[in-house]
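Notes for the structure review
Below, each chain spelled out in residue letters.
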Amino acid sequence: MKIVVCVKQVPDTKNGVVFNPDGTLNRGAMDKVMNPDDKAGLEVALQIKEKTGAEITVVTMGIPDADAVLREAFAMGADKGVLITDRVLGGADTWATSSTIAAGIRNLDYDLIITGRQAIDGDTAQVGPQIGEHLGIPVISYAADVQVEGDSVIVQRQYDDRTHKLKAKMPALVTCLAEEITPRYMTPGGIFDAFDKEVTVWGRNDLKDLDDGDIGLAGSPTKIAKASDKVRKGAGETVNLDPTESVKYIMDKLNEKHVI
Amino acid sequence: MSLEEYKGVFTFAQQVDHKLEGVALELIGKGKELAKDLGTDVTAVLIGSDVKDLADTLAQYGADHVIVVDDPKLKDYRTEPYAQALTGVINEFKPEIMLVGATAIGRDLGPTVSARVKTGLTADCTSLEIGNFPLNAPEDKQKKNQLLMTRPAFGGNTIATIACPDNRPQMATVRPGVMVKCEPNKSAKADIIEYKADLTENNKYVEILDIVKEVGKKVDIMEAKILVSGGRGVGSAENFKLLEDLADAIGGTVSCSRAVVDNGWLPKDLQVGQTGKTVRPNVYFAIGISGAIQHVAGMEESDIIIAINKDESAPIFEVADYGIVGDLNKILPALTEAIKAQKAEA
């Protein structure tokens, strides 16, 4: 069995964000990590590998430095890595990104494709389902548990107030939730091997069945009109009183605003 | 096909178990405003099995027309038949705008359908308006009457406004709890258009083996007028009793921050914030909540924010209307008693 796991190197938003003048993200200026939902997806693939001996190929799209996220995946136990990188692919929205990654995956053999639900930079949750759509295979998003049975995949799919247990014929695509799946750590031996392994690098010309009108900034149907730091409403008043006075203060405000 | 042939604002009227989601009505409310600016009207798209009787409710909340796709295959949500249904509607009726709720269903259906009809999709929008694009271009270089879709990104650190100038429909998923429903007109009857979608089974049809609903009383924090919300500072699951007592006294509902869910003190459906729910109650009590940006993103639209925290440098005080530096263990019981006493007098 062959599994493709899509991972994204994302800026660590804990330390703030930096923009280019055109409103796109200056990824080079920020710390980077493997996107948490993608890491959960890789963990699911590794668990399937332990049971079935599946081969795992990790695919990422990004700047040349995104190689690092593939090394991390190797250190966790992935077998092969593909980096899709080319200047003409930059600035892509979810349509152009999913078109590009789907074209890359067409170069590979796969039974199961696993992605994270969403990336912490864009928070769109769109690229996974759209890759599946481009490839014409069933998609199950928001997976809390994934098991392979014969030629099918059985998934616990989370909704707001319920879980559906779903069965899809492979090849299929599943998107995973970090809240439900705890990834393993890299092993020392894995880290050592990770830097000897070869990463396959594909540029635009290695991607077949991909129209020039569907890639990069120019091939993105959505365009950024503006991007900015969020403007928040200012602070009100803060008081530091003893408990009795505090209660009186709150009661006055609640009465003033006719809450009670 | 020219872009001008696409007309009208369409909204996806999500129903689950024959019950319309709140966001379905919120989308119609927002859709009315957009339609007014464009000189067009609002059509709700209702998809399911035996759901036609819900159409009048959609009309009461402002839908000018309701397209109903009704088929036994659409009983429980599955991506492929719902995508076939909505894609069929878009290709047949050609809306210029298609809005979908950013629920666990909408964020599955939206990307699938937008890729299938080859248009852009902006995720999890918190503001929508009609304007010209690019924003600062000379007027003769601008495209008029574009949908400008605003959304938070990068963990709530930034806000971006997105347009989809060259593809139709302009599609957005919209965060539940942000847009405002219309006042219902109880006598309205729906103008129903029944549409028979091509629901041919293919390799993308999945089989539902089981459906497990979450047990216990279901509290919808998005509907609450007053929320008494606790964070890590509450200290323990047991100590949430203080918040429950206050909520009972004032007629509110208990909610919480992510830390509380991560500690197993309260279930996830009570969580406010980026990875939980967006709420906009009349009053939001933030008790022992530090005010991480991801939490603030889910509650900052509340009318009145009252924060109680013993750490005077907590960022929650930067968004609170009224901040009280102090010990929640002392303040809450006294506050609960004061409210009870006043209500007893009244």
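Here is what the cut-offs are and how they apply
- Residues numbered from 1 in each chain as written.
- Chains lettered and ligands numbered in written order.
- Predicted model: local features only at pLDDT ≥ 70, side-chain atom pairs only at ≥ 80, totals over all residues.
- Heavy atoms only, no water.
- Helix = DSSP H or I, 4+ residues; strand = E, 2+ residues; numbered from the N terminus.
- Buried < 20%, exposed > 50% of the residue type's maximum accessible area, 1.4 Å probe, protein only.
- Contact = heavy atoms within 4.5 Å.
- Areas by Shrake-Rupley, 256 points an atom, 1.4 Å probe, with all protein chains shown as cover.
- Lys, Arg positive; Asp, Glu negative; His and termini not counted.
- Charge placed at Lys NZ, Arg CZ, Asp CG, Glu CD.
- Domains from an automatic or database assignment.
- Buried area = accessible area lost by both parts, 1.4 Å probe.
- Salt bridge = Lys/Arg side-chain N within 4 Å of Asp/Glu carboxyl O.
- Polar contact = N/O pair within 3.5 Å; in protein donor to acceptor, adjacent residues only side chain to side chain.
- Nonpolar A, V, L, I, M, F, W, Y, C, P; charged D, E, K, R; others polar.
- Pairing = 2+ DSSP bridges.
- Axes fitted to C-alpha atoms, helices over the stretch in contact; angles between N-to-C directions.

Our focus in this paragraph is the overall build of chain A. On a plain count of helices and strands, chain A comes out with six helices and 13 strands. Along the three orthogonal principal directions, the C-alpha set of chain A runs to about 70 × 45 × 40 Å. Split into buried and exposed, the 260 residues of chain A put 53% on the buried side. Here the contacts in chain A between residues at least 6 apart in sequence split such that 70% fall between residues at least 24 apart. Total accessible area on chain A stands at roughly 11300 Å², and carbon and sulfur atoms take up 49% of it. Measuring between centres, the 30 positive side-chain charges of chain A sit 2 Å from its 40 negative side-chain charges.

Here the focus is the domain arrangement of chain B. Residues and elements named next belong to chain B. Under the domain assignment used here, chain B contains domain 1 (3-194) and domain 2 (226-345). Using C-alpha coordinates to define each centre, domain 1 is positioned 33 Å away from domain 2. Counting residues at the interface gives nine residues for domain 1, matched by six residues for domain 2. For the pair domain 1 and domain 2, the summed buried area comes to about 640 Å², and 44% of that belongs to carbon and sulfur atoms. One can count zero salt bridges joining domain 1 with domain 2. At the boundary of domain 1 and domain 2, one finds two residue pairs in polar contact (both at pLDDT 80 or more). Looking at the side of domain 1 that touches domain 2 residue by residue, the class counts come to four nonpolar, four polar and one charged.

As a further point, take the sheet that holds strand β13 (residues 237-239) of chain A. As summarised here, the arrangement of the six strands in space is β13(A)-β18(B)-β17(B)-β16(B)-β14(B)-β15(B), forming an open sheet in which the pairing is parallel. The open sheet is flanked by β13 of chain A together with β15 (253-256) of chain B, the only strands paired with a single partner. Between one strand and the next, the sheet's axes are offset by a mean angle of 20 degrees, whatever the strand orientation. Summarising the sheet, strand β14 (residues 226-230) of chain B and β15(B) pair through four bridges and their orientation is parallel. Residue pairing across strands places Val228(B) opposite Val254(B), the latter belonging to β15(B). Packed onto the sheet, helix α6 (residues 243-256) of chain A meets β13 of chain A together with β16 (283-287), β17 (304-309) and β18 (322-325) of chain B and runs at close to 170 degrees relative to β18(B).

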